[in-house]
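Examining the three-dimensional arrangement
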Amino acid sequence: MIRAVVVGQEGVIAGFQQVHPRVLGLVRRTVREETLNLVRGAKTKVSGAVLKTKTGTLRRGINAEFEETDTSIMGSAGIGKAVAKYPALHELGGTVTVREHTRRQTMVWGRPAKTIRQVTVRSHTATYQERSYLRSTLRENYQRIMKSLETAVAQGVKR
């Protein structure tokens, strides 16, 4: 999350109130643009270099949310809660326990099986490496985002 706070004396605040609507509008627009850029960047990573999309469920789940209060404008890029159980595992890495289950065996040593049969897979653990797509996108774009916000404030303050 990127957060900007303006703190000052009464005179500064009084002067700022004249500029406030322009700055607010430009900062609001910049936060929206940069948040949507983060979403696009994360979706690109999921689709290609990092995770090589198979079904698209994770990519479709990456979205932007915006929240504005009297004192803040916040944009966030993340995964919707109802998407799937595995996004955090990809982002952070970790170990999961796979319960015993049955599956259809259609391939044997990389070749199609002569007969398809049910096999039992024993309970086991699987360890996944971190394959960041959200945090790494933010890290890569952090400097540009900060520069965009500085530019928006500077443009809003100019008369």
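Quick summary incoming for the structure in this document. Treat the numbers as computed from the prediction; the structure is a model and nothing was measured. (Residues numbered from 1 in each chain as written. Predicted model: local features only at pLDDT ≥ 70, side-chain atom pairs only at ≥ 80, totals over all residues. Heavy atoms only, no water.)

**Details of the overall build of the protein chain**
Looking only at helices and strands, the protein chain features 4 helices and 6 strands. Looking at the protein chain as a whole, 24% of its 159 residues are labelled buried. Of all intrachain contacts in the protein chain linking residues separated by at least 6 positions in sequence, the fraction that spans at least 24 positions is 64%. (Helix = DSSP H or I, 4+ residues; strand = E, 2+ residues; numbered from the N terminus. Buried < 20%, exposed > 50% of the residue type's maximum accessible area, 1.4 Å probe, protein only. Contact = heavy atoms within 4.5 Å.)

**A closer look at the pattern of salt bridges**
Counting across every chain of the model gives 6 salt bridges. A salt bridge links Arg144 to Glu34; the shortest N-O distance between them is 2.3 Å. Here Glu34 lies in helix H1 (residues 10-47) and Arg144 lies in helix H4 (residues 135-157), a separation of 110 residues in the sequence. Accessibility expressed as a relative area gives 34% for Arg144, which makes it partly exposed. Glu34 sits in the buried class, given a relative accessible area of 8%. Of the charged contacts, one joins Arg135 and Glu91 as a salt bridge, the two residues approaching to 2.8 Å between their closest N and O atoms. Here the residue Arg135 occupies a position in helix H4, and Glu91 occupies one in helix H3 (residues 87-92), the gap between them amounting to 44 residues. Since its relative accessible area comes to 6%, Glu91 is described here as buried. (Salt bridge = Lys/Arg side-chain N within 4 Å of Asp/Glu carboxyl O.)

**Some remarks on the side chain of Lys45**
Inspection of the secondary structure puts Lys45 in helix H1. Among the polar contacts listed, one links the side chain of Lys45 to the side chain of Ser136, at a separation of 2.6 Å. With residues near it in sequence (within four places) discarded, Lys45 still touches Val50, Leu51, Ser132, Tyr133, Ser136, Thr137 and Glu140. (Polar contact = N/O pair within 3.5 Å; in protein donor to acceptor, adjacent residues only side chain to side chain.)

**Quick word on the environment of Gly93**
One can find Gly93 in the loop between H3 and strand S3 (94-98). Separated by 39 residues in sequence, Gly93 and Ser132 have C-alpha atoms that sit 8.5 Å apart. Once you skip the residues sitting within four places of it in the chain, Gly93 turns out to touch Ala88, Tyr128, Gln129 and Glu130.

**A look at the environment of Arg32**
By secondary structure assignment, the location of Arg32 is in helix H1. For the pair formed by Arg32 and Phe66, sequence separation is 34 residues and the distance between their alpha carbons is 7.5 Å.

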